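Here is how the chains run, residue by residue.
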Amino acid sequence: MAIILKNLSIVIYMLHSFVSAQIFTTLKHTHLIRNYTNLIMEDSKSQCDVLKKSLSEWSFSTPKLLLLPIDKVESNYIRRNVIGAVFSKVSPTPLKHKISLVSYSKDALINILDMDPSITESEDFTEFVSGNLVLSSSVPLAHRYGGHQFGTWAMQLGDGRAHLLGEYINNKGEHWELQLKGSGMTPYSRDGDGRAVLRSSIREFLCSEAMHYLGVPTSRAAALVVSNDPVLRDQFYNGFPELEKAAVVLRLAPTWFRFGSLELLARQGEVTTLKILTDFIIQEHFPSINPLDEDRYLQMFDEVSHKTLQLVAQWQGVGFTHGVLNTDNMSLLSVTIDYGPFGYLDAYHERYIPNNSDKEGRYCYGRQPEIVIWNLEKLARALSVLLNQERTGQLMEMVKNLQKHANDKLSVVFRKKLGLTTDQPGDLQLTQQLLNLMQETSTDFTMGFCQLGEVQLEHILEPEHTKEKWALETLKKAKTFQTFIEAYKKRIALEPELTESKRQALMKANNPRYVLRQWMAQSAIKKAENYDFSEVNLLLKVLQTPFSYQEEAEEMSYSSPPPCWARHIKVSCSS
Ligand code: AMP
Ligand code: MG
C-alpha cells in the first residue's frame, strides 16, 4: 500500500510540475495539492514509526518546493541576476579536509528528524552534514531573495552560502526544511566564498537551540561539523585577515522564506511569481487562512505582523539583540533566523549594540520593536503589489496599528517577568521605571530580574537579605530604588490573589538564569578551535534548562558577573 501511495504521489507531483504556475490558485489546483499532501502524510506515517539509526533508512519527503518556479540555468556561477525564479538548483561544494562532528542536538535529531542519536556515529552522518553526501531523495536548492539592509534596498541577495537540502515530514506530521549553512558557493554568493567559520557556526548552533529552550520561536540546529579547509576572514575589519576553519551547520525551520523573498519579486515587478510564491506559502504554512479567500493577503499580513511583534517582545524579554535585523533576516513564519553578530544583554542599556559593524546602532536592543515595524511596513509594500487600491488602503491601516500591538505584547512579556498576572494600566510604565534604574546602575539584565524574584519584597531594602545577590545589590544603588519598590508593591496589591511566594514562583518561571552571553560563547569557541568541543557541549546542555539552577553551570560561573575581558569582545558581520 505504501509503495502504491508513494508512486501515486510521485505521479501527481510530476503532473503538478507540468501544470504548475498559471493555475496555482484555482480550485482544481488547491484540491490536488491537498490530496497530494495527504498522500505524503500517509507515506511518512507508514515509513517512520521508529527512529532511524542509519541515513540509508532515512529520506526526504517528495519535494514540494520544486512546484515553485526554478531557475532555468543550472550551472553554478555567481554575479548573475536570476529572473522569474524562486530557487536555483545547486549542489553543496564538498569539504576537502577531514571532517569532525563538533556537536549535535539530541532533541532536534529525535523529535524533529526521527533519527536515533546513534546515527551520528556513522561517517555518513558527518558527510551528510558537511554537504559531501547528498542523499538521492535530496534536490539541493539555493533560494533567491532580496532585502533592505541597514535601511537601504539591497536588491538580489539570496542563499549565498546555504543549501536547502529538502523537506522532511516527521512522525508527528510536522513539515521541516533542512538547510546547510556554510556549504559552498551558489549563484547568490556575490563576492563571498560560500563558507562559514567555526566561531560564527558555534554561535548560531548554540543560540538557536538556546532560544528554543527559552521558549522563543526560532530555527533549530541539528548538527555542526568543522574541517580544516581554510577560510580567509578579516574578523575585526582591520585589514589583517586570518585563516580560519570552515564549519557547516545543519539547520531546520518549518520554512526559510523571508520578508525579502516576497520583496524581491515585488520590487522586480515579477508579479506572477510573487503571486505563486505568496499563495504557496499561505497554502503550506498558514492553515488558518482559506487559500481562496480574496482577503488572504491581508490575513497573511495580519498573522505575520502579530506573530513577529510577539517574537520581538520575547527577544526583549530575554535581553536578546539580533544584531542584523535586515528584511532578508526576517522569517515569514516569525521565527528567529540567521544568527550572526547577536548578543544578550549583560549590564542593561537600551542602546546595547552587539554588532561591531553597526556603528549607528540601528539594530541596538531598544530599537528592535521599532525596526521590526519598519520591516513589516516593507512586507506590506511587497504584498500591496497583489492588491487593489481599496485593500492596499486597508493594509496600510493595519500598519498604522502595529505600534499599539507591539506595546501590548511587550507589556505582557514584562508583566510576566515581574511576576504579575493581570493586565493593569501603567504596567509598561512600571517596567520602564525598572529598566531606567537598571540602566542608571548598569545592572545585569538577566540576573537583575532573577534576583528580584529571589528576595521577599518586604525585606528587599535590608542589606542582609540581598548581600549574596550581586545584580540586585547593583540595582539597589539606584537613587530611586525605594520609590520603584513602593510602586511595585502597590501594583502587586491590585492582585489580591498574588501572594509573595506566588510572585517569586512566577518570576522564577519567567526569568532565565542562564543565557548565551558573549563571553560564554567565546570561551567555548576558543577551546573548539583546538578541537576541544567539551564546552560547546556543556553549554548546549546547560542552555536546555535555562530557568533551573544547575551546579555545573554555577561551577563555570555562568550566573556570576561577566569577566572583565567580556567587555572587549567584538562580534562583527564577518562570519
Ligand atoms: P547574512 O548577513 O549572513 O544574513 O548574509 C547576507 C547575505 O550575504 C546573504 O545573501 C548571504 O547569503 C550572503 N553571504 C554572507 N556571507 C557569505 C559568504 N561567505 N559567501 C557567500 N555569501 C555570503
Ligand atoms: Mg541572512
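Read on for a plain summary of the structure. All figures in this text were calculated on a predicted structure; none of them were measured in a lab.

1. Comments concerning the coordination of the magnesium ion (ligand 2)
Every protein donor of the magnesium ion (ligand 2) is listed here as Asn329 (OD1) and Asp338 (OD), and their distances to the metal cover 2.1 to 2.2 Å. Note on accessibility: asparagine 329 and aspartate 338 belong to one class, buried.

2. Description of the side chain of serine 138
With respect to the helices, strands and loops of the structure, serine 138 is situated in the loop between α4 (123-130) and β3 (141-143). Here leucine 165 takes part through its backbone oxygen, which lies 2.7 Å from a polar atom of the side chain of serine 138. Other than its neighbours up to four places away in sequence, serine 138 contacts Phe60 and Leu165.

3. A word on unusual backbone geometry
One non-glycine residue, phenylalanine 150, lies in positive phi territory at about 50°. Mapped onto the elements of the fold, phenylalanine 150 is located in the loop between β4 (146-149) and β5 (152-156). On the basis of relative accessible area, phenylalanine 150 is assigned to the partly exposed category, the value being 33%. Positive phi outside glycine occurs at tyrosine 237, with the angle close to 45°.

4. A short note on the pattern of salt bridges
For the structure on display, the rule yields 35 salt bridges. In this structure, arginine 391 engages aspartate 295 in a salt bridge whose closest nitrogen and oxygen atoms are separated by 2.5 Å. Of this pair, arginine 391 sits in helix α10 (residues 389-400) while aspartate 295 is found in the loop between α7 (271-285) and α8 (296-318), placing the two residues 96 residues apart along the sequence. In this structure, the salt-bridge partner of glutamate 303 is lysine 307, at a minimum N-O distance of 2.9 Å.

5. Quick look at the pairing of strand β10 (residues 242-253)
Counting buried positions along β10 yields ten of twelve residues, so the element is predominantly enclosed. Sheet topology places strand β7 (residues 175-181) next to β10; five bridges connect them, and they run antiparallel. Along β10, the bridge assignment pairs glutamate 177 with alanine 253. As judged from the eleven bridges shared by strand β9 (residues 220-233) and β10, these two strands associate in the antiparallel manner. Its bridge partner being in β10, proline 230 is matched across the sheet by lysine 245.

The rules behind the values
Residues numbered from 1 in each chain as written. Chains lettered and ligands numbered in written order. Predicted model: local features only at pLDDT ≥ 70, side-chain atom pairs only at ≥ 80, totals over all residues. Heavy atoms only, no water. Donors = N, O, S within 2.8 Å, 3.2 Å for Na, K, Ca; no water. Buried < 20%, exposed > 50% of the residue type's maximum accessible area, 1.4 Å probe, protein only. Helix = DSSP H or I, 4+ residues; strand = E, 2+ residues; numbered from the N terminus. Polar contact = N/O pair within 3.5 Å; in protein donor to acceptor, adjacent residues only side chain to side chain. Contact = heavy atoms within 4.5 Å. Salt bridge = Lys/Arg side-chain N within 4 Å of Asp/Glu carboxyl O. Pairing = 2+ DSSP bridges.

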